[in-house]
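Coordinates in review
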Amino acid sequence: PRYGWAWFPTAVDSQWRPYSHGQWVWTEQYGWYWNSDEPFGWATYHYGRWGYDEVYGWVWIPGNTWGPAWVAFRYSEGHVGWAPLPPETLQINFGFNTGYTDMNATYYEPRWVFVPRNRFLDARIYSSALPPAQNTVYIRQTINVTNYVTVNNVVVNRSIDRQRMESAIGRRIEVARVKD
């Protein structure tokens, strides 16, 4: 009732979180892009937003604007974290006020996925995810670095500086191409 029409996955385990089964890749055109392993990922991670409902769990609310990933990012020298932007951000023009992405309220704490910074580009990032019970600690140790811009009417995710991440992982980051 809170969001209207919604969809939710039924074949996921109870610990599942959006943006956890797949990997982050860098693209020149779109910045950080979520490459999902899930069959519904082509839509749910690039259009619309995810919200958490106490009855249904994670629900996806459709949207019309494409983006490389609709998440907020947090960063420190030790960890990187991300969480789905809430449905309340569906109508916001980008770049938007980062106040919408500073989701450290008690409600949102278990929704974040955190990994050690040097594991951010792992192919199966879920296996590198830290226990959600520790999210309060990671939120305190990180800062909000969410940064979306619009370039030629296309949303670009520049939240984490590519060179900074290359330095953290000790190698160059391969540039991925997104097929339309």
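Residues numbered from 1 in each chain as written. Predicted model: local features only at pLDDT ≥ 70, side-chain atom pairs only at ≥ 80, totals over all residues. Heavy atoms only, no water.

Moving on: the packing of aromatic side chains. Aromatic rings considered in pairs are described by the distance between their centres and by the relative angle of their planes. Counted by the stated rule, this structure contains 25 aromatic pairs. Ring geometry for Trp-26 versus Trp-32: centroids 5.1 Å apart, planes at 70 degrees, classification edge-to-face. The pair formed by Trp-26 and Trp-32 is uniform in burial state, with each residue classed as buried. Directly above the ring of Trp-70 sits Arg-49, whose terminal nitrogen or CZ lies 4.0 Å from the centroid. Lying over the aromatic face of Tyr-52, Arg-111 brings its terminal NZ or CZ to 3.7 Å of the ring centre. (Phe/Tyr/Trp six-rings, centres within 6.5 Å; stacked < 30°, edge-to-face > 60°. Buried < 20%, exposed > 50% of the residue type's maximum accessible area, 1.4 Å probe, protein only. Lys NZ or Arg CZ within 6 Å of the ring centre and 35° of its normal.)

With five of its six residues buried, strand 2 (residues 31-36) lies for the most part within the structure. The pairing of strand 1 (residues 22-27) with strand 2 spans six bridges and is antiparallel. By the bridge assignment, Val-25 is partnered in strand 2 with Tyr-33. What sits between strand 1 and strand 2 in their antiparallel hairpin is a turn of three residues. (Helix = DSSP H or I, 4+ residues; strand = E, 2+ residues; numbered from the N terminus. Pairing = 2+ DSSP bridges.)

A positive phi is found at Tyr-19, a non-glycine position, where the angle reads about 60 degrees. You can see Tyr-19 is positioned in the segment before strand 1. Overall, Tyr-19 belongs to the buried group, its relative accessible area being 0%. For Asn-152, which is not glycine, the phi torsion reads 50 degrees and is therefore positive. The topology assignment puts Asn-152 in the loop between strand 9 (148-151) and strand 10 (154-157). A relative accessible area of 72% places Asn-152 in the exposed class.

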